Amino acid sequence: MVESIGKITAKLKEIIDRNGLVYLTEEPYKVYQELLQSEKTDRKAAGLILYALVNDVQNEIEPGGDTISLSKLIQRKCSLNKKTADYLSAIFLNLYSKENKNSWKERNLEGLSQFFAEEFVCTWKGVAVWDEGNGTVDCYYQAELILSPCEDAISEGNLSLLLKKNPFMTREAIHQYFERDLREYLDGEFEEYCTCDDYYQPVVEDFDIDYYVSEWCEKHGFKMISCDGTGEDGGYEPKFRKGWY
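Residues numbered from 1 in each chain as written. Predicted model: local features only at pLDDT ≥ 70, side-chain atom pairs only at ≥ 80, totals over all residues. Heavy atoms only, no water.

Caption draft 1: Representation of the packing of helix H5 (residues 67–78) against helix H6 (residues 82–95) within the structure. In contact at an axis separation of 8 Å, H5 and H6 are set at 120° when each is read in the N-to-C sense. Of the possible angle classes, the one that applies to H5 and H6 is oblique. With respect to the hand of their crossing, H5 and H6 are arranged in right-handed fashion. On the side of H5, the interface is formed by Thr 67, Leu 70, Ser 71, Ile 74 and Gln 75, while H6 contributes Lys 82, Ala 85, Asp 86, Leu 88, Ser 89, Phe 92 and Leu 93. (Axes fitted to C-alpha atoms, helices over the stretch in contact; angles between N-to-C directions. Helix = DSSP H or I, 4+ residues; strand = E, 2+ residues; numbered from the N terminus. Parallel < 35°, antiparallel > 145°, perpendicular 65-115°, else oblique. Left-handed = near helix turned anticlockwise from the far one by under 90°. Contact = heavy atoms within 4.5 Å.)

Have a look at this one:
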C-alpha cells in the first residue's frame, strides 16, 4: 500500500509539473486516463483519485493539514469509508507536501523568464499556387528570422490565458506557441500576396517579408533583429485539358 501511494503521488506530481496546478481540477478525467496508461495505478485506485478530484478534495487541503482531518473531510465529501479515505488522504498530503509546494513556487513562470532571456530564432517556408485558369505558377519563399521578445509579449491574449492555466510552461512550449502563430500568419499573407490578382503573375521575390514580420512583432510584443528571405517561382505551367488537340 505504501509503495502504491508513492507511485501514485509521483505520477500526479509529474502531471502537475507538466500541466500546472489547476489541471487536476479542470481536467480530472484526463488525469484519470493518464494514471491508467502509466501502469503505476490500477483501475480502482485511479477511479478513487478521479472521484476525489471531482469532489474538489485537492482544493480543500489546508497548510499543515493532517491525515486524520483530511480523511474525515474526504469521508464527508465523498461518502467513503475510513480505510479508503485514509488511503486518499495519504496520497493528497504527500502530493501537496511542503517540499512539492516550494518546488512549484520556484518553477512559477520559470519557462517564461528563460524565453525572455534568449533571442527568438525561427525559419519559415511559404508555398502558394497562382492559378489564372489556363495555367499555374508554384510560388516559394523561405526566410530566417531573429527576433527579440519584449515584456509586452506576456500580455499577448492567448499566451496570458495559457500561462494562467499552466505557469509551468517550458521555454520550448512558449517558443513553439509563437513559432506556430508566426508561421501561420506568414502563410496566410504569402497566400494572399500570390493569389490576390487573377490576371497578373505574382513577383514572388518582391514579397515584403520585412513589413509582415514587423507587423507581427508589433502585435505580439517582439522586436525584429534580422530578417533574411528569398523567393522564387517554378515558372508558368499551362494546363492541358482533354480535347485541346
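Caption draft 2: Spatial organisation of the sheet that holds strand S1 (residues 120–131). Taking strand neighbours across the sheet as the criterion, the three strands line up as S1-S2-S3 in an open arrangement whose pairing is antiparallel. Strands with a single pairing partner mark the edges of an open sheet, and in this sheet they are S1 and strand S3 (222–238). For this sheet the average axis-to-axis angle between neighbouring strands, irrespective of direction, equals 15°. As defined by bridge partners, strand S2 (residues 135–149) adjoins S3 across 14 bridges and the pair is classed as antiparallel. Opposite Ser 148, over in S3, you have Lys 223 as the bridge partner. The sheet strands contacting helix H10 (residues 171–195) are S1, S2 and S3, and the helix crosses S1 at an angle near 25°. The sheet contacts of helix H11 (residues 209–220) involve S1, S2 and S3, and relative to S3 the element is tilted by about 135°. (Pairing = 2+ DSSP bridges.)

Caption draft 3: Broad picture of unusual backbone geometry. With a phi angle near 65°, Asp 56 is a residue other than glycine that sits in the positive phi range. Taking the relative accessible area as the measure of exposure, Asp 56 reaches 27% and is therefore partly exposed. In this structure, Ser 79 takes a positive phi of about 55° despite not being glycine. The topology assignment puts Ser 79 in the loop between H5 and H6. (Buried < 20%, exposed > 50% of the residue type's maximum accessible area, 1.4 Å probe, protein only.)

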